[in-house]
Structures are given as C-alpha cells and as structure tokens.
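# Coordinate analysis (summary)
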Amino acid sequence: MKKFFSLILLMAVCNSFAQVTLKGVVKDSLNNPLELANVVAMNKATNSLESYAITNPRGEYTLKLKANETYNMQVSYIGLKNIQETLSTEETDITRDYTLFADNTLDEVEIVYEMPVSVRGDTLVYNADSFNTGTERKLGDVLENLPGVEINEDGQVEVEGKVVNKLMVNGKDFFDGDTKLATENIPSNAVDKVQVLRNYSEVGQLSGVRNNQDNVALNIKLKEGKENFWFGNVTAGAGASPDDELYLLQPKLFYYSPKYSINFIGDLNNTGEVALNRRDIRNLGGGFRAPSRSSGTNINLGDNSLNFLTSQGNALEIENQLATANFSYSPKQNLDLSGFAIFNSSRVLSRETSLVQYTDASLGIPDEATDQRSRERSDQGLVKLSLSFQPNLSNQLDYDVLGRISKDSQVQSLFSSVIGNTDQVDEVTPFSINQNLNYYYTLNEKNIFAFEATHLIKDEDPFYNALLVNDPDGEDAFDTTAEALGLNTTLQNYDLGQNRRIKSNQLDAKLDHYYVLNARSNLNFTLGTILSRQQFNSNIFQYLENGSIFDPTPIINNGLAINDTEYNFSDVYLGAHYRAKFGKFTITPGFSVHAYGNRNIQFGEEFEDNFFRVLPDFETRIQFKKSEQLTFRYEMRNQFTDVTRLAQGLVLNNYNSIQFGEPDLQNALSHNLSLFYSSFNLFNYTNVFARAAYTSNIDQIRSLTNFESVIRTSTFFNSNFADENVSVFGRIQKTFGKVRTSLNASFNYSKINQFIQGNQSLNEGFTQTYTPGIRTNFRVAPNINVRYRYSVTDNNQGDRKTTFITNAPSIEFDAYIWKKVTFRSNYTYTNQDLGNGESQSFQNWDATLSYRKNRDAKWEYELQATNILNIDSQVRNSANNISVFSSETFIQPRFVTFRFVYTL
C-alpha cells in the first residue's frame, strides 16, 4: 500500500509542477467585494478548461495555471456584465483584480465556458461533464466525482454531510426520491447537471415558516435531446461458474417529456447483482413521513418480518428477478399524478458458521459453535399512487396510497455443538396499506394552515416450525426446556410449531397554524393525535408422530402458552413553537403537552395507564456565512412499545429464544442532544462536516434473561438504570488540483444495563473508526481511489473484555484508454485482529474490461470478473450485550461473464 500512496503523491507533485498562481479580488462598480463570482480560465491552445474559482465573502479568488501559456479569461456574476480577456502567463505569480459593472443591455451574453460549479441562492449546480473522466456508466459514478458529495455504505447519497431526502429527474420524482435506485440505474451519459437543492421544502407555502435547513434534494437535469425520446440501455450477458451457467438481463429504459415521464428497470440474473435487495424494498417507504415525527412521541408497531440468515450480498447462490415501473403525468399545470410499481423475487442459498461466547463465564453458559445453512425465498410487491393538486398559490392538496404485500419463507438446517441438529421453517405473508392526506391553506399573509394525516393498516402472520432430535431414554440439551414448555418428551423428535397474527391499525394526524409576526419570526400552534390499535394472537403446539397436534400446558409462566391480546394507544397533544431570526441566529424554542392513554386487554383482565406529560424541545442555528453553519438541538421524547412485549403468553422467537411479555410496561423517556457543523468552501476547496449526538434513556424497556444451557427465556421490565449513547462523526475534504483528499472519523460509546440470571451488569462498548483517502480526477491519465479503514472496537461485559482491530486498505483503479477501452478494478484487503494474538483476513477483488467504439457508440462489449481470487468466505467479529461472536459467511465463487450493452 505504501507504493500506491507514493504513486498518488508523485502524481500530485507532477500536477503542480511548473504552475503559477493567479489571484485577486472581484468587485462591483461601488468597490464592494462580490461573493460567489465565477472566474474561469480556458487554455487557448486546447480550448479546454484549465482552472476555475468561486470568490469568497471578501471577493478573493485563486487559480493554478500552467507557466508560459495563454488563457481566455471569463469573470461573471449574476446581474452584472461579464469580463472576457486574454491572459498570458510566464513563470511568476500574477495578481489581477476585476471590476464588474451593471449590465443594462438586453443582448444575449456569450458564454465562453460553463462553470463546473455555480451557486444560485440555495441551489448548488454541478456541470457533470466538467468532472467526468469517461469511465462513468451510472449516476452513482458521476456523483462520486463531485466535491462535497458522498455515497455512504448504505447506498444513500450525502451532500455536505446531510443525507439526501429526495431525488428528482427534470423536476419529477424518481421512484419517490429513492436515491439508491437512481444512483445504480440512471445512465451517466444522460446527466447534464446535478442540482443540489438546499433548504428544500416540498410545500412552498411553508418554506418561510419551517426550518428546512437539513432538507436536501437532488434534481438531475438531462442533456439536450433526452426529452421526448426514450433513452437508457439494455445489458445482456452470460458466463460460467463451477456449479451453474450464469445469465443476466437488465433493461433500463427512461422517457421524459414536459407533460409526463415513464421509467422501467428490470433485472433477471443469477450472478448476485441486485438493483434493490430485500432490505431496500422493505425500507422503501414511498416518501411517507409521520406527522408526529416532531411531536416528541414515538410508538413502535414492531416488525415481524423474517430475519434471514445473511444479506443478499453474502450468499452462496442468488437468483433475482426485478421489475419496476415509475410514472408521472401532469394533465394540467396545477395537477400532478404519479406512482410506481415494484415486483421482486429472490431465491438465496446461504451458509454461515460461528462461535458464540456468552457474557460472564461464571454464569455457566457454555460456548457454542454453530453451522447454519438456509434456503430463502422472497416475493415482494409494492404499488403506489400519488396526486398533487394546487389550484392556486394559497391551496395545495396531496394524497398518496401505498400497498405492500410479500411472501417470504426460510428453511434452515442448523448444527449446534450444544443442542445438536435442528431443522427450522419460517414463513410469513404480510400486507399493508398506507394512506397519506395533506392539505395546505394560506388564509392571508399572516395566517397559514397545514393539515397532515397518515393511516396505516398492517397484517402479519408469521409461522415457525422447529424439529429437534430427542432421545426418549437419555438426556438431551433441549429436555429441560421441553419439560418447561409442557411438551411430550417420549417421542423421537421435538416437532415444535407456532402461529402468530399481528394486526395493526394506526392514525397519525395533526393540524398546524402558523402565525407570521413579521419577516423574521412566526408562531406555530399544533393540535395532533396518534390513535393506534393492535391485536396479537399466538399459540405454541407440538406435532405428534401420528400427525395429530398437541397443545401443551407449560409448567412455567403460569401455564400461559397462547395469546389473545388487544392493545389500544392514544396520544392527544397541543404544541407551541416560536421561530425567530436575529442576525446570524435562528432560534426555535417550543414544547408540547400530551395526554396519553394506554390500555391492553388479555385473559379477561384489563391493564390501563393514563397520564399527562410536557415535552420541551429547542433548536438554535448559527449561520456564520452562506456556506457555513452550526446547529444545536435538544428534545425530550417518549418511547412506547408494541403489543408483542405486553402479551403475557409464551412466544417462540426461535427454538433457543423464548419470551413472554409484561402487561404493565410503562413508556421510556429519553433526552436527545445533537450538534451539527457544516462548512462548504468553494474558494479553497475545503469541506468540513461534523456531527455529535448524545442520548440518555430513562425507564428504558429492558429484558430479564435466564439461560438454560444456551437457551434463553426473557421477559421485560422498565429499568431504573439509565442507558447512554454518544456518537461523533466528522469528515474533511481538501482538493489540490486534480487530487482530492479526505478523512472520515467516527466514535461511538454506548452504556447498556443488562440483566442475566437475575444479575445486573453494565455493558460498555466503544468503537472508533478512521478512514483516510486520496482520489484523483484526471481526464487523460488513469485514476485511482485509495482508502484505508482502521477500526477499533472495545467491549466490556463485566468479567469479559474484548478488543477487535480491523485494518482494511482498498484501491479502486479506472482508466479510459484510447477513448475506446475502459478498465475498472477494485481491491480490498481486510484483516481483523481478535485481541488475543489471533487474526483473520480475507480479500475481495473485482474487475471490468469494456470496449466501445467511442462515447456515442450504441454497442459496448464488457468482460466482468467478480471474486477473482476465488475466496470461500468472509469473516466478521462483533459483540453485543449478551455475547461475543466470530462468524464466517460463505460467498459466491469466482464469476466471469461476457456482456453486451446496447444504448438507446
């Protein structure tokens, strides 16, 4: 890796050799400095962009130019007349000031060169071609070239340290703004501009009365000629693997016109490449945002979907089918219709081995080695329709409906060094319907009203079956648990089953009144409610050898093996907030008064809890300058649990994890503080983002866990011990010519109180991660992106302390050769030190070689190889509040495929 860093340094030095500095000040006719003026230098001989600058608040600019060259200079500022001149350099630095005058002519201004980056109010505009090198194939490749833009590990786009909330194409929502689907599928050759919309508000009427500084949206402007024509590409490929023939078909088609748009993305392959994985689709919320998100109340309806053994990125075999379609239609200027449909089907074979060491060895819980194999099937479907009607500037009505259905199953074969062999089957076919209605009305310049409501219906029906070996005449590790559950212990197998049904119905609505005091301050009064109803049924049963079903009566938990629980929750609240600007400061103090009602009914008994609570919150923002700000927030929140933790009957999470609830559980209260700093400097190309957060949980709902061998039984209670979490993240980027350097650092500390075998102990975890990186952006030379991730995780579980150290250098290389051949490769080496003198390591190496006649060619031919080193597995070490574990996940072998790409 030292050689790679030396190479980068050498390229940076060569890039700066024989350069001179041009600097100065740009002013207006009154001698006032102009911030955000554009200064462009074009090489006269090559007619290409040499350098550009954007002036700082003092009007200063700095350019790096080659010595002994001639340049066409352009200086511009919105509303003022451009300056164009010829400048010749020698071998000494140059100082030159410019004065811009008012432009009183109506003639069209000639643009010598389009600025790579320009600022128009709250909108930052990147010219994609100014940063592209020729190896880009999708939108994500374009975005990664842009300063201040990152794609994080979850596939989300971050701009200036903030996650992008919405992505649009030519002003129209792309699958409700889903950034991952866009970055992986929109072709790079269609992208003209990337517009960063800061302080973004979907409702223009509320832009001046709400804090939108954390809302960031992207709008992708298409190149000329892409409107009113289909564009995109179709990829088809085939290959061979040790076990099967490989195939791939990926059509990606797009149509945009001023009146309507249509997008279609398909994917059919067994190579493991997924445009959207199961987790992505599950988290695709369709743009729904709970009206109560800022009220201080959180109620968890729970998630009873399957916990698959591994992710789709770590599996032995993956077959995937995806069909998605998105449309928008504007029959009138004041009416917009849109929607999407997604169908995904996946078949996955996975395997994982692990060694689990449970906390506090003095408690007598044995270490456990496991080997799990899983066959997974998942079929998911989503359909959404949206309507937005704005008859005039004072009225806007939005309505959305999202339907979701899936059919998931998992068949597992597990060997435990303690329990033995176990076969498990999980199945679930849930569905949900989510509706959203928003209405915004401006009565006059002083009064604005906003009504927002969402309604959710969800039905989940998980089924679980486990088959364990039993010796009727001897002792087995599961015997004690079987007797506690009341099972028949005379059979050759323990054949356990469980049905569950969870129905949820929730209304979340609020009415806001904004009273504008003056141009710098307003009052906000809120009346809102959350009404929730959940029904939970479950029963445990045993299949007998004659095929009949036996309903056991446990000897624990008062013999309760079934559940028939109804849980009703209500929150009616009033809120008041004051928002005011004082120079650089914007403050928003407020509070909300809540009347809570909790009631659950089970086994003929009713448990009720009604109370009032005042929840304060506060935000202050310091805007040092247009591109630099600091934000502090505090809020107190109430957290309420879901019905499954209240239900008293036994529930099998799986054969080795049994729980029963506590009907008298109270809410948890948390104090949340956060601090965010952002500085995006286009003058010296230095960007700094930092975020810190602290949470203290009071009366947190915790589990009381008792182990019988490695089988645990848990119930819940409100802990008197406060749990805490501190997280800090920072990123700094600095660009030197064509070389961009960066350093990411993160710290996380957690303090969790755990209760095992009747003993309370404190679990402390501290993780620190540092990721320096260097990336080049040359147009004619190969480019490399070198990163080094160093992470240390310390975990203290009382008498067991562990330290994991991860070193993971990586390099990405891409070259555009003869304007015909593109070569891309990425390599990562991961080493994990277990802190006991032992270490584990693995390597990942993928590469792609493609050929096209020129950039505008319709056909491209591609050879792609994944897992070139043909490694068998990846390793992972981690710790939680109960155990420390190391796991080995087996992955797909080396795949080599040949592909054709046809561009429309």
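What counts, and where the lines are drawn
- Residues numbered from 1 in each chain as written.
- Predicted model: local features only at pLDDT ≥ 70, side-chain atom pairs only at ≥ 80, totals over all residues.
- Heavy atoms only, no water.
- Helix = DSSP H or I, 4+ residues; strand = E, 2+ residues; numbered from the N terminus.
- Rg over C-alpha atoms; globule rule 2.2 N^0.38 Å.
- Buried < 20%, exposed > 50% of the residue type's maximum accessible area, 1.4 Å probe, protein only.
- Contact = heavy atoms within 4.5 Å.
- Areas by Shrake-Rupley, 256 points an atom, 1.4 Å probe, with all protein chains shown as cover.
- Lys, Arg positive; Asp, Glu negative; His and termini not counted.
- Charge placed at Lys NZ, Arg CZ, Asp CG, Glu CD.
- pLDDT = per-residue confidence, 0-100.
- Core = buried A, V, L, I, M, F, W, Y, C linked by side-chain atoms within 4.5 Å.
- Pairing = 2+ DSSP bridges.
- Axes fitted to C-alpha atoms, helices over the stretch in contact; angles between N-to-C directions.
- Salt bridge = Lys/Arg side-chain N within 4 Å of Asp/Glu carboxyl O.
- Patch = residues over 30% accessible without salt bridge, like charges linked within 9 Å, V, L, I, M, F, W, Y side chains within 5 Å.
- Phe/Tyr/Trp six-rings, centres within 6.5 Å; stacked < 30°, edge-to-face > 60°.
- Lys NZ or Arg CZ within 6 Å of the ring centre and 35° of its normal.

With that out of the way, let us pick up the overall build of the protein. Across its full length, the protein holds five helices and 53 strands. Relative to the 2.2 N^0.38 estimate, which gives 29 Å for 904 residues, the radius of gyration of the protein is 30 Å and therefore close to what a compact globule would have. Dimensions of the protein, computed from the C-alpha atoms along their principal axes, are close to 95 × 70 × 55 Å. Sorting the 904 residues of the protein into buried and exposed places 51% on the buried side. Residue pairs at least 24 apart in sequence account for 66% of intrachain contacts in the protein once pairs closer than 6 positions are excluded. Surface exposure of the protein reaches about 41100 Å², of which carbon and sulfur atoms provide 53%. Side-chain charges of the protein comprise 82 positive and 104 negative groups, with the mean position of each set lying 10 Å from the other.

Here the focus is the confidence of the model for the protein. Within the protein, residue pLDDT values average 89, and 96% of them lie at 70 or more. Contacts from residues 1–17, a stretch scored under 50 in pLDDT, to residues over four places away or in other chains number 19 contacts. Every residue in residues 106–112 scores below 50 in pLDDT, and together they form nine contacts with partners more than four places removed in sequence or on other chains.

So, about the nonpolar core. Of all hydrophobic cores here, the largest spans 51 residues; its most connected members are Tyr126, Phe174, Leu218 and Ile342. Sort the elements by how many residues they give to this core and strand β17 (residues 216–222) lands first, with four residues. If sequence neighbours within four positions are ignored, isoleucine 342 has contacts with Phe175, Leu276, Ile281, Leu284, Leu322, Ala323, Thr324, Gln380, Gly381 and Leu382. Formed by 25 residues, the second largest nonpolar core is a distinct cluster that contains Leu414, Phe478, Ala482 and Leu496.

Overall, antiparallel pairing links the four strands, which are arranged β3-β2-β5-β6 in an open sheet. With partners counted over all chains shown, the strands left at the sheet margins are β3 (48–54) and β6 (80–88), one partner each. Between one strand axis and the next, the sheet turns through 20 degrees on average, direction left out of account. The sheet contact formed by strand β2 (residues 38–43) and β3 spans six bridges and is antiparallel. Note that in β3 the partner of alanine 41 across the bridge is serine 51.

Another point: the side chain of glutamine 205. Among the secondary structure elements, glutamine 205 is positioned in the loop between β16 (191–198) and β17. Filtering out sequence-adjacent residues up to four positions away, glutamine 205 remains in contact with Leu393, Ser394, Asn395, Gln396, Tyr440, Tyr441, Thr442 and Ile448.

The next thing to look at is the pattern of salt bridges. Taken as a whole, this structure holds 27 salt bridges when the rule is applied. One salt bridge in this structure joins arginine 58 and glutamate 60, with 3.3 Å as the shortest N-O distance. Residue glutamate 202 pairs with lysine 166 through a salt bridge whose shortest N-O separation is 3.5 Å. Pair noted here: glutamate 202 is in the loop between β16 and β17 and lysine 166 is in strand β14 (residues 166–169), with a separation of 36 residues, a long-range link. Looking at glutamate 202, the relative accessible area reads 52%, which means it is exposed. Look at lysine 166 and you get buried, because its relative accessible area is 7%.

Now for unusual backbone geometry. Across residues other than glycine, the phi torsion is negative in most instances, and most of the peptide bonds are trans. Residues other than glycine seldom take positive phi values, yet asparagine 557 does so here, at roughly 55 degrees. With respect to the element layout, asparagine 557 can be found in the loop between β32 (549–550) and β33 (562–582). In this structure, phenylalanine 603 is a non-glycine residue whose phi angle is positive, near 55 degrees. Counting through the fold element by element, phenylalanine 603 comes out in the loop between β34 (585–602) and β35 (605–625). Assessed through its relative accessible area of 42%, phenylalanine 603 is described here as partly exposed.

With respect to the secondary-structure elements, aspartate 367 resides in the loop between β23 (335–358) and β24 (368–392). Given the relative accessible area of 40%, aspartate 367 is considered partly exposed. As for aspartate 367 and glutamate 460, which are separated by 93 residues in sequence, their C-alpha atoms are 35 Å apart. Not counting the four nearest positions on each side in its chain, aspartate 367 is found in contact with Val356, Gln357, Tyr358, Ser417 and Val418.

On to the sheet that holds strand β12 (residues 157–159). Across the sheet, three strands lie side by side as β11-β12-β13; this open sheet has antiparallel pairing. The strands lining the two open edges of the sheet, one partner per strand, are β11 (149–151) and β13 (162–163). When β12 meets β13, the two strands line up antiparallel, connected through two bridges. For valine 159, the partnering residue across the bridge sits in β13 and is lysine 162.

This part covers a positive patch on the surface. Judged by side-chain charge, Lys738, Arg779, Lys819 and Arg855 come together as a positively charged surface patch. With respect to the secondary-structure elements, lysine 819 resides in the loop between β47 (801–817) and β48 (821–833). Relative accessible area serves as the criterion here: at 62%, lysine 819 is assigned to the exposed category.

Time to look at the pairing of strand β30 (residues 493–518). One ladder, built from 14 bridges, connects strand β28 (residues 447–460) with β30; its direction is antiparallel. Residue pairing for β30: glutamate 460 is matched across the bridge by isoleucine 502. The pairing of strand β29 (residues 463–469) with β30 spans seven bridges and is classified as antiparallel. Bridge pairing in β30 links leucine 467 to aspartate 495. Relative to strand β31 (residues 521–543), β30 runs antiparallel, the two sharing 22 bridges. From the neighbouring strand, isoleucine 502 faces β31, where its bridge partner is phenylalanine 536. Hairpin geometry of β30 and β31 is characterised by an intervening segment of two residues between the two adjacent antiparallel strands.

A word on the pairing of β31. Sheet topology places β31 next to β33; 19 bridges connect them, and they run antiparallel. Counted as the bridge partner of asparagine 539 is isoleucine 562 from β33. Where β31 meets β32, two bridges bridge the pair, whose relative direction is antiparallel. From the neighbouring strand, tyrosine 543 faces β32, where its bridge partner is isoleucine 549. As consecutive antiparallel partners, β31 and β32 are separated by five residues, and within that stretch glycine 547 has a phi angle of approximately 90 degrees, a positive value.

To continue, consider the packing of aromatic side chains. One pass over the structure, following the stated rule, counts 26 aromatic pairs. Seen in terms of ring centroids, phenylalanine 478 and tyrosine 494 are 5.5 Å apart; in terms of plane orientation they differ by 55 degrees. Their pairing is tilted. Of the two residues, phenylalanine 478 sits in the loop between β29 and α5 (479–485) while tyrosine 494 sits in strand β30, which places them 16 residues apart along the sequence. Since its relative accessible area comes to 2%, phenylalanine 478 is described here as buried. The interplanar angle of 50 degrees and the centroid separation of 5.9 Å between the aromatic rings of phenylalanine 721 and phenylalanine 755 together place this pair among those described as tilted. Of this pair, phenylalanine 721 sits in the loop between β42 (711–718) and β43 (723–736) while phenylalanine 755 sits in strand β44 (residues 739–756), and the two are 34 residues apart along the sequence. Looking at phenylalanine 755, the relative accessible area reads 10%, which means it is buried. Ring-pair connections join several aromatic residues into one group, and the members of that group are Phe174, Phe175, Phe231, Phe254, Tyr256 and Phe340. We note arginine 351 situated over the ring of phenylalanine 890; from NZ or CZ to the ring centre the distance is 4.3 Å.

Now for the environment of threonine 866. In this fold, threonine 866 is placed in strand β50 (residues 859–866). Judged by its relative accessible area of 23%, threonine 866 is partly exposed. Spatially, the C-alpha atom of threonine 866 lies 9.2 Å from that of threonine 271, the residues being 595 residues apart in sequence. Setting aside chain neighbours within four positions, we find threonine 866 in contact with Trp845, Asp846, Pro893, Arg894 and Phe895.

Turning next to a negative patch on the surface. A surface patch of negative charge is lined by Asp243, Asp244, Glu245 and Glu319. As for its position among the elements, aspartate 244 is in the loop between β18 (230–240) and β19 (245–256). Taking the relative accessible area as the measure of exposure, aspartate 244 reaches 43% and is therefore partly exposed.

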